[in-house]
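# A look at the structure
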Amino acid sequence: EFSFNAAHPNADRIYKVVSMFKFDGKEGGNSGTPRPMAEGIRREVSGVELSVGMYEQYMNQLKVPQATGKPMVFEDVHVMATTSDFFQLVPYRWLAGSEKGALTQPNQVVLTQTQAEKYFPNLTPQQIVGKPLTYWDTTTVEVVGVVADLGPTTSFTSQQFVSLSTILQGAEAKKSFEEAWSSTNSSDEVYLRLNPKTNPQKLNQQINALSDKYSKEEMKKWGNFSRWHNLIALKDEHFATEYGGRNRHADRKILYALIGLGLFLLALAIINYVNLATAQVPQRAREIGVRKALGSPRGQLIGQFMGETAIVTMLACLLAYGWVLLFRTQFGTFLPEGIELYKNPGLTVAFMLLLIVVVSVLSGWYPSVLITRFQPTQVLRGQLTFSVGSRTFTLRKSLIVLQFAIAQAFIMGALIWHQQLRYALNADLGFDREAILTIQVPWKLLDNPAFKDKQFTLAQEMRRIPEISALSLGNPPLDQSFSSNNHKYKGKKGEIERNVYRKYVDSAYVGVYDMKLLAGRNLRPTDTISEYVVNEATVKAFGWSSPQEAIGKFLSEGGNNRLVPIVGVVKDFHTATFQQKIEPLALMSEKGNQHCFNIKLASRRPEDWQTAIQKIESVWKKTYSGAAFEYKFYDDMVEQFYERERTTASIINLATIVAILISCLGLFGVATYTAMQRTKEIGIRKVLGASVGSLVALLSKDFVVLVLISLVIAGPAAYYYMDQWLTDYAYRIQIEWWVFVATAAAAVLIAFLTVGYQAVRAALVNPVESLKSE
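What you see is a predicted model, and the numbers here were worked out from it, not measured in a lab. (Residues numbered from 1 in each chain as written. Predicted model: local features only at pLDDT ≥ 70, side-chain atom pairs only at ≥ 80, totals over all residues. Heavy atoms only, no water.)

### Re the overall build of the protein chain
On a plain count of helices and strands, the protein chain comes out with 26 helices and 22 strands. Referenced to the eigenvectors of the C-alpha coordinate spread, the extents of the protein chain come out at roughly 105 × 70 × 55 Å. Taking all 774 residues of the protein chain together, the buried fraction comes to 45%. Put simply, of all contacts in the protein chain between residues at least 6 apart along the chain, 78% involve residues at least 24 apart. Accessible surface, the protein chain as shown: approximately 39200 Å² in total, 56% of it carbon and sulfur. Of the charged side chains in the protein chain, 80 are positive and 68 negative; the average position of the first set lies 7 Å away from that of the second. (Helix = DSSP H or I, 4+ residues; strand = E, 2+ residues; numbered from the N terminus. Buried < 20%, exposed > 50% of the residue type's maximum accessible area, 1.4 Å probe, protein only. Contact = heavy atoms within 4.5 Å. Areas by Shrake-Rupley, 256 points an atom, 1.4 Å probe, with all protein chains shown as cover. Lys, Arg positive; Asp, Glu negative; His and termini not counted. Charge placed at Lys NZ, Arg CZ, Asp CG, Glu CD.)

This is the structure we're talking about:
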């Protein structure tokens, strides 16, 4: 992820212009700019070497003419309209054609190698140059070049580039493009290459002044709204999640969190190795004593132990590499898309070697130095004494506390994360979502005159299906798309202006989702917007004291002076994830914007649903014979909203299990050492009448105390960080005391089971064996 755009030449001087907006004190970002921005900067702003506009275009179909007369057809095609300057900004390798003259004339297109092979299989790049393509059914463009694909770690992902003049043919199209300063679309992007001495902050001020110059007057009509522009360095563009855009972005916070997760687990493993290795020291004492007596120097002994550690680490690294390959195939959904395309064997090998060296040194240095401190005369006489740290709190005990503190923090974090996720998935959303499925009319058919208003005919046919209890056409309550605008209300206290979200629905919508009408009535069937049903948040935003008071009030939208009455108020319902507050919302009926079927099935038993779906599909195919029948149950749609949280929860679960296992191994090693050290003491106690139970309690209690000490460390840390994470949610759980009690109980139980095995084993040894003299 961190290698994105890093290899791009002049990356330190390339910036992307993005937009920021402010509605009612709430800020939002957009990766696009006004369409004339690139040309405006080129003409009026100093300090810029290149100003390149990139304008994504969509077409339902692209046709590749064939010798047979029947063209090859490709659907849902995206093409980038730009100028010849684009190829100076992004240095492609030309396989056919040349940068000079490319995209300088209307109806020219440049293809990447992958796209060229898709449209013209079995032809060389040189043979493809000059071939025609048909855009938008009537526009014929000529291929003037083929370029090699860029690597996978770039923000420039477009596959075909058409000359900007192609979409600006005609005076009306050109005028509309040049005057669109007040609108912003994420499909219209601008990249700049700055002069070496240009100050980006000062340049940003010039760009905002330019934007205000051409748009300020127009945007005053929008009321309580403001817009400004920022510059993002190309090396940071991949991480600019707040602006969105056509490309996949990565969240730096999540990446750093995952890196930290890996380092925590590695630290636990290193601590473990130190614990286990030092526990073995007494067993190897005679070997070391003999070697020292025979003249082995200290450095040789350290080298031997470090070498053993390096071999163990190398074997572990090879095993881990195999597990990584397995993980990528079995748990691919946890990984960023496109990771399979990124291959760098040299860097991977270098990283593995560095990992082996660092882990070997951190794991092996302390035990190897410790083992060489013994005096051979003492060892060979059997006078070995061995401790690390003070009697009350040794280094090994400190490491155990640290290990279990990390493991318990993971357990607490996982419990709290799952509580919040369960709350979001199961909480009352303010509408009924049981046994409801949605079907979206394919976008490519919406502009097709042959299918105009067909959804209304289809809706009437579906309502005749007995397995359907209700049906509505409109935007689903909770979905990824939204529309909003400023609305004004003129009352006795003056004019109030607020941003109000819109949902286009029909009169059946409130009934299908069983929304609670608090005052007034439902919408009436109408072709155009003539009345609103609003939510409680709208009532509060405009200062009305109750839902009843809102009935009969009039709102005007944006710069439009037309007044629309409020005829009803519904109880608040969620339109986005629990991270966002419920915003003012108006339901309105407009025939041209009703494209989604919301179908409530008559039965709530899943075994009955397949019959209903088959009947719905049958009537669908009669109306939209060439379109795929794709439906979603609303519960599945809600779960998709939290896909990232579910994936992260799975990763945390895995990390928690690994942390617990590693901590238990460390505890087991120290328990083994302790039991061995106290062998004679246990024998004496048994001779004096101590029971197995009392001996197990004696050996276990110290470790249970260590686990409780680790809880005191882990509890406040986990509470603080998880409480900070929960602040991202407008609707959240409260962290409860039982999370810490459950974690403590689980940790004590795990520790007791881990230590108990060694304790029981030591307690069952025959005291004659443990007390006999060697």
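The rest of the description comes next.
### Observations concerning the packing of aromatic side chains
To describe a pair of aromatic rings, one takes the distance between the centres and the angle between the planes. Scanning the entire structure with this criterion turns up 35 aromatic pairs. Seen from their ring centres, Phe-542 and Trp-544 are 5.5 Å apart, and the 25° between their planes marks the pair as stacked. Comparing Phe-542 with Trp-544, the two get one shared label, buried. Among the aromatic residues, those joined into a cluster by ring pairs are Phe-451, Phe-597, Trp-609, Trp-620, Tyr-624, Phe-629, Tyr-631 and Phe-633. (Phe/Tyr/Trp six-rings, centres within 6.5 Å; stacked < 30°, edge-to-face > 60°.)

### Let's talk about a nonpolar patch on the surface
A grouping of Phe-2, Tyr-256, Ile-259 and Leu-263 is seen on the molecular surface, where their side chains present a nonpolar patch of about 410 Å² in accessible area. Mapped onto the fold, Phe-2 is located in the segment before strand E1 (14-23). (Patch = residues over 30% accessible without salt bridge, like charges linked within 9 Å, V, L, I, M, F, W, Y side chains within 5 Å. Salt bridge = Lys/Arg side-chain N within 4 Å of Asp/Glu carboxyl O.)

### Focus: unusual backbone geometry
Positive phi, close to 65°, is recorded for Asn-10, a residue that is not glycine. Considering the arrangement of structural elements, one finds Asn-10 in the segment before E1. The phi angle at Ala-435 is positive, at roughly 55°, despite the residue not being glycine. Note that Ala-435 resides in the loop between helix H14 (395-426) and strand E12 (436-440).

### Re the sheet that holds strand E22 (residues 631-633)
In space, the four strands of this open sheet follow the order E13-E21-E12-E22, with antiparallel pairing throughout. The open sheet has two free edges, formed respectively by strand E13 (468-473) and E22, since each of these has just one partner strand. Here the strands of the sheet are splayed against their neighbours by 25° on average, with no regard to which way each runs. Alignment of E12 against E22, held across three bridges, turns out to be antiparallel. When the bridges of E22 are listed, Thr-438 appears paired with Lys-632. Set on the sheet, helix H20 (residues 606-623) makes contact with E12, E13, strand E21 (596-601) and E22; between it and E21 the angle comes to about 150°. Sheet contacts for helix H21 (residues 634-641): E12 and E22; angle to E22, the most-contacted strand, approximately 80°. (Pairing = 2+ DSSP bridges. Axes fitted to C-alpha atoms, helices over the stretch in contact; angles between N-to-C directions.)

### Considerations on the environment of Val-144
Among the secondary structure elements, Val-144 is positioned in strand E8 (residues 139-147). With 87 residues separating them along the chain, Val-144 and Leu-231 place their C-alpha atoms 33 Å apart. In contact with Val-144, not counting residues within four places along its chain, are Gly-97, Ser-98, Ala-102, Gln-108, Val-109, Val-110 and Val-129.

### So, a positive patch on the surface
On the surface, a cluster of positive charge is contributed by Lys-516, Lys-540, Lys-571 and Lys-581. Here Lys-581 shows up in the loop between strand E19 (563-570) and strand E20 (585-588).

### A word on the packing of H21 against helix H22 (residues 643-677)
Between H21 and H22, whose axes approach to 4 Å, the crossing angle comes to 65°. Residue-level contacts link Glu-639, Gln-640 and Phe-641 of H21 to Glu-643, Glu-645 and Arg-646 of H22. When the residues that make up the contact of H21 with H22 are grouped by side-chain class, the tally is one nonpolar, one polar and four charged. (Nonpolar A, V, L, I, M, F, W, Y, C, P; charged D, E, K, R; others polar.)

### Digging into the pattern of salt bridges
Applying the stated criterion across every chain, the model contains 29 salt bridges. Close ionic contact of Asp-479 with Lys-503 constitutes a salt bridge, the shortest N to O distance being 3.3 Å. Placement of the pair is Asp-479 in the loop between E13 and strand E14 (483-491) and Lys-503 in strand E15 (residues 494-504), with a sequence separation of 24 residues. Across this residue pair, the class does not change: Asp-479 and Lys-503 are buried. The partner of Arg-605 in a salt bridge is Asp-608, with the nearest N and O atoms 3.0 Å apart. The class for Asp-608 is partly exposed, based on a relative accessible area of 25%. Taken together, the shared-partner salt bridges in this structure form one network comprising Glu-39, Arg-42, Arg-43, Glu-44, Asp-85 and Lys-213.

### Some details on helix H12 (residues 345-371)
Taking 1.5 Å of rise per residue, 27 residues should cover 39 Å, and H12 covers 38 Å from first to last C-alpha, within 8% of that figure. At Gly-364, H12 shows its strongest bend, of approximately 40°, with the proline Pro-367 following within four residues. Where H12 is concerned, the buried positions are Met-352, Ile-356, Val-359, Ser-360, Ser-363, Gly-364, Pro-367, Ser-368, Val-369, Leu-370 and Ile-371. (Expected span 1.5 Å × (residues − 1). Bend = angle between axes of the 7 residues up to and from the residue.)

### Description of the environment of Thr-33
Looking at where Thr-33 falls in the secondary structure, it is placed in the loop between strand E2 (26-30) and helix H1 (37-44). Along the backbone, Thr-33 and Pro-71 are 38 residues apart, and their C-alpha atoms lie at a distance of 36 Å.

### A short note on the confidence of the model for the protein chain
Per-residue confidence for the protein chain averages 87 on the pLDDT scale, and 94% of its residues sit at or above 70. Contacts of residues 382-393 to residues separated by more than four positions or lying in other chains number 28 contacts, the stretch itself having pLDDT below 50. (pLDDT = per-residue confidence, 0-100.)

### Quick notes on the side chain of Asn-30
By the element assignment, Asn-30 lies in strand E2. Given the relative accessible area of 15%, Asn-30 is considered buried. A polar contact is formed between the side chain of Asn-30 and the backbone nitrogen of Ser-186, at a distance of 3.5 Å. Every residue in contact with Asn-30, bar those within four places of it in the chain, is listed here: Val-18, Ser-19, Phe-21, Thr-184, Asn-185, Ser-186 and Tyr-243. (Polar contact = N/O pair within 3.5 Å; in protein donor to acceptor, adjacent residues only side chain to side chain.)

### What to know about the nonpolar core
By size, the foremost hydrophobic cluster in this structure holds 45 residues, and its most contacted members are Phe-431, Tyr-513, Leu-587, Tyr-634 and Tyr-642. Taken together, the elements giving at least two residues each to this core come down to H14, helix H17 (509-512), E19, E20, H21, H22, helix H24 (692-726) and helix H25 (737-763). Looking at this core element by element, the count peaks at eight residues for H14. Residues Tyr-55, Leu-203, Leu-210 and Leu-231 belong to the second largest nonpolar core, which totals 43 residues. (Core = buried A, V, L, I, M, F, W, Y, C linked by side-chain atoms within 4.5 Å.)

### Section: helix H16 (residues 454-463)
Within the sequence span of H16, burial applies to Gln-455, Phe-456, Leu-458, Ala-459 and Met-462. The arc that holds every buried residue of H16, seen down its axis, measures 160°, which confines them to one face. Those residues of H16 that are buried are in contact with E13, E21 and H20. (Arc of directions from axis to C-beta.)

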